[in-house]
Amino acid sequence: MDCKNIAHEVYGLADSDDPLAPMVREALEVIDCGLDTHGQESVSISFNGGKDCTVLLHLYAGVLARRLARGQAMKPIRAIYIPVPSPFPSLERFIEETVKIYNLDLFSCNSHCEQAEAAVTSSSFTDADSLLIKQTKPNATGKAKGPDNMRQALEAYKRRFPKITAILIGTRRSDPHGAKLSHRNMTDEGWPPFERINPIINWSYSQVWTFLRQLRIPYCSLYDEGYTSLGSTFNTFPNPALLVEPTTPSITYSDGPLCPSSMISSATAHTSMLSTTHHAQPTLEKEDMVSPRGVVSTFMSTTHTVPQGKSQQPISPTSPSMRRSSSLPEPRYRPAYELQDGGLERSGRGLTMSSVHTKA
């Protein structure tokens, strides 16, 4: 990717009458000020493949390119990646592609492994599994990266790159712990000393997607499958607000006809299934993992309707009164950029599977 073209594009947008211009201009100024304070050699960017840091990376590449003198070559962009346990393979493939596109000098630091002490550059990057340094891809462990693991990862990064004093982060105001942050904050006491620079802290969910799509910036394919916020495979699902209403299948009951009031919506099905199958975070074996889509499919294939005059509570799939004459297709979801209410961005996050077995 030609970073000089990126610079022309983003600065042109910032100087335009586009509704997004003030947010782009603000972000570029914050990045510029951070570079003035620390210098490019002492600044890194946190990149995990999500939509927010993808926006930030594109802006950062534009700022760096604009600072180049005539004839000066673009240096590799320093970056840090702290994987969650059991990351999505498609997300790791996107990170691999992004490393090549933006010429990232990516340090992959396994947040739950103290031996993460290696740098990964575009020249040595070969496949998605190599994102996890000195450890093979983990199975789901029942817990995501927490404060202690994050601290350990940053300590490893500080040991490996002691001259790095600031990290660009794609945190937004609506993110957990983002409400009280400003554009620039030092890490808390007891943490490795870095200045956290948050250029897009004031951006909204819709502004992120407007920027990505308006400038045709590549993003992770999971967002086109209904995911709106990405984490581990065991606690990240497509957003139920983007579920496409399925066609009601033909179902026959032996003890009564159906009436409109007995119908169960797909949204109710999704909520009910998750409430009965997502509890404490257990340790899951690889063979016990099921796809998020299987959750909805299983529930809706067994509880979509109830007979007239009967209780409107979902019927057990083992009920002798229910006999299926056709099967439901896999649930479909609209893409993330079609989510109208940004407050529902994390509706598919924070869930864990207990013991659900379906055909994937």
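Preceding block: the structure.
Remember, it's a predicted structure, so these values are computed and weren't measured experimentally.

*Asks:* Even after reading the chapter, I still don't get the pairing of strand 3 (residues 104-108), so can you show me in this structure?
*Replies:* Both faces of the sheet carry side chains from a regular strand, because those side chains alternate between them. Where burial is concerned, most of strand 3 is hidden: 5 out of the 5 residues are buried. The side-chain alternation of strand 3 yields two buried faces, one formed by L104, L106 and S108 and the other by D105 and F107. For the segment spanning strand 2 (residues 77-81), helix 4 (residues 89-102) and strand 3, crossover handedness is right-handed.

*Asks:* How should the packing of helix 3 (residues 51-66) against helix 6 (residues 205-214) be read in this particular structure?
*Replies:* Closest axis-to-axis distance for the helix 3/helix 6 pair is 10 Å, and the angle between their directions is 50°. Comparing the axis directions of helix 3 and helix 6 gives the class oblique. Classified by chirality, the crossing of helix 6 by helix 3 is left-handed. Where helix 3 approaches helix 6, its residues K51, D52, T54, V55, H58 and L59 are matched on the opposing element by Y205, V208, W209, F211 and L212. Its residues assigned to classes, the contact of helix 3 with helix 6 shows 7 nonpolar, 2 polar and 2 charged.

*Asks:* Could you clarify how one ought to interpret the pairing of strand 1 (residues 43-46) in this entry?
*Replies:* As paired strands, strand 1 and strand 5 (residues 166-168) are joined by 3 bridges and run parallel to one another. In the strand pairing of strand 5, I45 is matched with L168. Strand direction decides the pairing type here: strand 1 and strand 2, joined by 2 bridges, are parallel. Following the sheet pairing, I45 is matched in strand 2 by A79. Following the backbone out of strand 1, through helix 3 and into the adjacent parallel strand 2, one traces a crossover that is right-handed.

Conventions and cut-offs
- Residues numbered from 1 in each chain as written.
- Predicted model: local features only at pLDDT ≥ 70, side-chain atom pairs only at ≥ 80, totals over all residues.
- Heavy atoms only, no water.
- Buried < 20%, exposed > 50% of the residue type's maximum accessible area, 1.4 Å probe, protein only.
- Helix = DSSP H or I, 4+ residues; strand = E, 2+ residues; numbered from the N terminus.
- Right-handed = clockwise from strand over helix to strand, strands pointing away.
- Axes fitted to C-alpha atoms, helices over the stretch in contact; angles between N-to-C directions.
- Parallel < 35°, antiparallel > 145°, perpendicular 65-115°, else oblique.
- Left-handed = near helix turned anticlockwise from the far one by under 90°.
- Contact = heavy atoms within 4.5 Å.
- Nonpolar A, V, L, I, M, F, W, Y, C, P; charged D, E, K, R; others polar.
- Pairing = 2+ DSSP bridges.

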